[in-house]
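Observations on the three-dimensional arrangement
Residue-level listing of the chains:
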Amino acid sequence: MSMAVAASYSFFVLRSTVNPHGSASGCPPCLATRQSSIGVLALKATGPKEIRNLKRGPSPFHCNSNADGISAKGDTGRSQPTAFKSLGMEIRHKEFQFDSIDQQIEPGDLQDEAFLNAVVKVYCTHTAPNYSLPWHRQRQYTSTGSAFMIGEGKLLTSAHCVEHGTQVKVKRRGDDTKYVAKVLARGVDCDIALLSVESGEFWKEAEPLHFGRLPHLKDAVTVVGYPLGGDTISVTKGVVSRIEVTSYAHGSSDLLGIQIDAAINPGNSGGPAFNDRRECIGVAFQAYRSEEAENIGYVIPTTVVSHFLKDYERNGKYTVNGFPSLGVLLQKLENPALRECLKVQSNEGVLVRRAEPTSDANNVLKEGDVIVSFDNVHVGCEGTVPFRSNERIAFCYLISQKFAGDVAELGIIRAGKFMQVQVVLNPRVHLVPRHIDGGQPSFFIIAGLVFTPLSEPLIEEEREDSIGVKLLLKARHSLARFKGEQTVILSQVLANDVNIGYESMANWQVGFLSTLIITC
């Protein structure tokens, strides 16, 4: 992309201001809309100062795609949201064969051709954006992962396996031919991608997998895929260790996840996990790496998969962040004195600390309200709701069952009085997006001054030390006041006669915008 230069330019004033916004809620993240035009003028002085408590330490969650046969980490430098999330209901999917009833299939030999031949190997060539030099892209690299057939000429894999993919190819078990695949949809928040292959040869004698219901603790599980260590298909076995709301490393979101003790290694991502009936119970996608823990892998359950596919069917594409948010910052109500102060008689409910300005809840809920029910399901004082027979799960379990635009009925206590209100659930609007919609960051250059929106990928690429305290505070805690709001920074200054003396300026925030007429 060519550099735009203005015939005349405005000059800027340096000033330092303090971010007035507070903490953001931990609702599911969304992909913020980018703006293409950026104005210039006052800059905030946010130099590269270091502050330890603002830094995000390395995440122990690893996305398991295999880059050139070497272990590849997913978005490991990003912290995970701590807000509540939810589970979807089990349904029979009209097109992708979701089975909600028990199929009487006896456990058999894993060498059954029809059973394993639905799992394929994914070869992806990636060309990631260069966020520091947004008019460039980084050097391309290749990776391998796994995928499986779900019918109607479609494959399912992990979103991080095909992120920034410029070419995707798949190969069936026992075949030496690679077929070009097309990415139909990518759900960054749920780390799922939908692929299609047009070649009829690829689908000859292919039998798609059937989806099963959510498993129970101690149920046997088998993970199939193409991890590092060899070129042929790999099978590992274990049991279901835990089912709860889990941090998704790639999407920086919290959704239902299945924890298993079967090995999940780089290259396993996108591969299916089976129960003893040969039903697919989910998609392998990440593992927990720590010196204090062993054999902890994670599977995306079929309830999350069905939500992704249903959203794709409804809209003909996957909605940007198909999992909505309530848009509030919540606090537990375990303390009896706090419940008494809020006139909550029973041991239930969560306190509304703040509503996000861009959410519908901002027009309905007030600070100090206590949410005691969600769609007539009682919410406990620890922010949990009943789950199956004798389990409890995070409150966001209920929210993630919904789709963007759905209405939720909340039971609240306000000043000691119970009332019911309705809130429209929408994707959360991030002031500093965790992912760039479309993949390529926008930028604007005038008189050698490079302006670009602040984003988490840019912070990660530039390193937190060089971003500065105030920008880190904004990235971690500020809330968007309206949809489309951006934090624009002066990324760098390209040396030129017109900007002598300012060459060392980098990563300074634009304080306010002014309409600028550019002539070329």
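This structure is a prediction, so every number in the text was calculated from the model and none was measured.

**Some words on the overall build of the chain**
The helix and strand tally for the chain stands at 8 helices and 29 strands. Looking at the 520 residues of the chain, the share that counts as buried comes to 56%. Sequence-distant contacts, at least 24 apart, represent 70% of the contacts inside the chain between residues at least 6 apart. Accessible area of the chain: about 22,900 Å², with a carbon and sulfur share of 48%.

**Looking at the pairing of strand E19 (residues 350-355)**
Examined bridge by bridge, strand E18 (residues 328-332) and E19 share 5 bridges and lie antiparallel to one another. From the neighbouring strand, Lys332 faces E19, where its bridge partner is Val350. Pairing analysis gives 2 bridges linking E19 to strand E20 (residues 370-374), with the strands arranged antiparallel. Residue pairing in the sheet places Val350 in a bridge with Ile371 of E20.

**Some words on the packing of aromatic side chains**
One pass over the full model with this rule turns up 8 aromatic pairs. Ring centres of Trp135 and Phe443 lie 5.6 Å apart, and the angle between their planes is 55°; this geometry places the pair in the tilted category. Within this pair, whereas Trp135 is found in the loop between strand E6 (119-126) and strand E7 (141-151), its partner Phe443 is found in the loop between strand E25 (417-424) and strand E26 (444-446), the two being separated by 308 residues in sequence. Here Phe202 and Trp203 contribute two aromatic rings whose centre-to-centre distance is 5.0 Å and whose plane-to-plane angle is 85°, an arrangement assigned as edge-to-face. This pair shows no difference in class: Phe202 is buried, exactly as Trp203 is. Counting every residue linked through ring pairs, the aromatic cluster contains Tyr179, Phe202 and Trp203. In this structure, Lys178 packs its charged tip against the face of Tyr123, placed 3.9 Å from the ring centre. In this structure, Arg314 packs its charged tip against the face of Phe403, placed 4.1 Å from the ring centre.

**Let's talk about the pattern of salt bridges**
As enumerated under the stated definition, the model contains 8 salt bridges in all. Residues Glu201 and Lys204 are paired through a salt bridge, measuring 3.0 Å at the closest nitrogen-oxygen approach. In this structure, Asp375 engages Lys402 in a salt bridge whose closest nitrogen and oxygen atoms are separated by 2.7 Å. Within this pair, whereas Asp375 is found in the loop between E20 and strand E21 (377-378), its partner Lys402 is found in the loop between helix H5 (396-399) and strand E24 (407-414), the two being separated by 27 residues in sequence.

**Considering the nonpolar core**
In this structure, Leu155, Leu156 and Val170 are the most contacted members of the largest nonpolar core, which totals 89 residues. Beyond its immediate sequence surroundings of up to four residues, Leu156 is in contact with Ala147, Phe148, Ile150, Ile192, Ala193, Leu194, Phe211, Gly270, Val283, Val305, Phe308 and Leu309. By size, the runner-up hydrophobic cluster in this structure holds 14 residues, among which are Val429, Ile436, Leu471 and Leu472.

**Brief notes about the environment of Leu342**
Take Leu342: it is sitting in the loop between helix H3 (336-341) and E19. When its relative accessible area of 17% is taken as the criterion, Leu342 is described as buried. A C-alpha to C-alpha distance of 8.3 Å links Leu342 and Ile413, two positions 71 residues apart in sequence.

**Notes on the confidence of the model for the chain**
Summing up the model confidence of the chain, the mean pLDDT is 78 and the portion of residues at 70 or higher is 76%. In the predicted structure, residues 1-58 sits below a pLDDT of 50 and forms 185 contacts with residues beyond four places in sequence or in another chain. Taken together, the stretch residues 68-107 has pLDDT below 50 and engages in 146 contacts with residues farther than four places along the chain or on a different chain.

**Some points on the environment of Ile446**
Within the secondary structure, Ile446 sits in strand E26. Sequence separation between Ile446 and Leu494 is 48 residues; the distance between their C-alpha atoms is 9.7 Å.

**Looking at helix H2 (residues 302-315)**
Residues lying three or four places apart along an α-helix face the same way, a consequence of the helix completing one turn every 3.6 residues. Its 14 residues give H2 an end-to-end C-alpha distance of 20 Å, which sits within 8% of 20 Å, the value for a rise of 1.5 Å per residue. For H2, the buried fraction is high: 10 of the 14 residues fall into the buried class. Residues of H2 that are buried include every one of Thr302, Thr303, Val304, Val305, Ser306, His307, Phe308, Leu309, Asp311 and Tyr312, and no others. Looking one or two residues beyond H2, the residue adopting positive phi is Gly316, at roughly 75°.

**A short note on unusual backbone geometry**
Where the residue is not glycine, phi is negative for most of them; where a peptide bond is considered, it is trans in most cases. The backbone phi angle of Ala447 is positive, close to 55°, even though this residue is not glycine. Here Ala447 lies in the loop between E26 and strand E27 (449-453). The phi dihedral of Asn507 falls on the positive side, at around 55°, and the residue is not glycine. By the element assignment, Asn507 lies in the loop between strand E28 (488-493) and strand E29 (508-510).

**Considering the pairing of strand E14 (residues 253-260)**
Where burial is concerned, most of E14 is hidden: 8 out of the 8 residues are buried. Where strand E13 (residues 234-248) meets E14, 8 bridges bridge the pair, whose relative direction is antiparallel. Bridge pairing in E14 links Val240 to Ile260. Between the end of E13 and the start of E14, which pair antiparallel, lie 4 residues, with Ser252 showing a positive phi angle near 50°. One ladder, built from 3 bridges, connects E14 with strand E17 (residues 297-301); its direction is antiparallel. For Gln259, the partnering residue across the bridge sits in E17 and is Tyr298.

**Thoughts on the environment of Arg172**
The residue Arg172 is located in strand E9 (residues 165-172) in this model. Taking relative accessible area as the criterion, Arg172 reaches 12% and is therefore assigned buried. In this structure, Arg172 is in contact with Asn117, Val120, Met149, Phe202, Trp203, Lys204, Glu205 and Ala206, ignoring residues within four places of it in sequence. Side-chain polar atoms of Arg172 contact the backbone oxygen of Phe202, separated by 2.8 Å.

What counts, and at which threshold
- Residues numbered from 1 in each chain as written.
- Predicted model: local features only at pLDDT ≥ 70, side-chain atom pairs only at ≥ 80, totals over all residues.
- Heavy atoms only, no water.
- Helix = DSSP H or I, 4+ residues; strand = E, 2+ residues; numbered from the N terminus.
- Buried < 20%, exposed > 50% of the residue type's maximum accessible area, 1.4 Å probe, protein only.
- Contact = heavy atoms within 4.5 Å.
- Areas by Shrake-Rupley, 256 points an atom, 1.4 Å probe, with all protein chains shown as cover.
- Pairing = 2+ DSSP bridges.
- Phe/Tyr/Trp six-rings, centres within 6.5 Å; stacked < 30°, edge-to-face > 60°.
- Lys NZ or Arg CZ within 6 Å of the ring centre and 35° of its normal.
- Salt bridge = Lys/Arg side-chain N within 4 Å of Asp/Glu carboxyl O.
- Core = buried A, V, L, I, M, F, W, Y, C linked by side-chain atoms within 4.5 Å.
- pLDDT = per-residue confidence, 0-100.
- Expected span 1.5 Å × (residues − 1).
- Polar contact = N/O pair within 3.5 Å; in protein donor to acceptor, adjacent residues only side chain to side chain.

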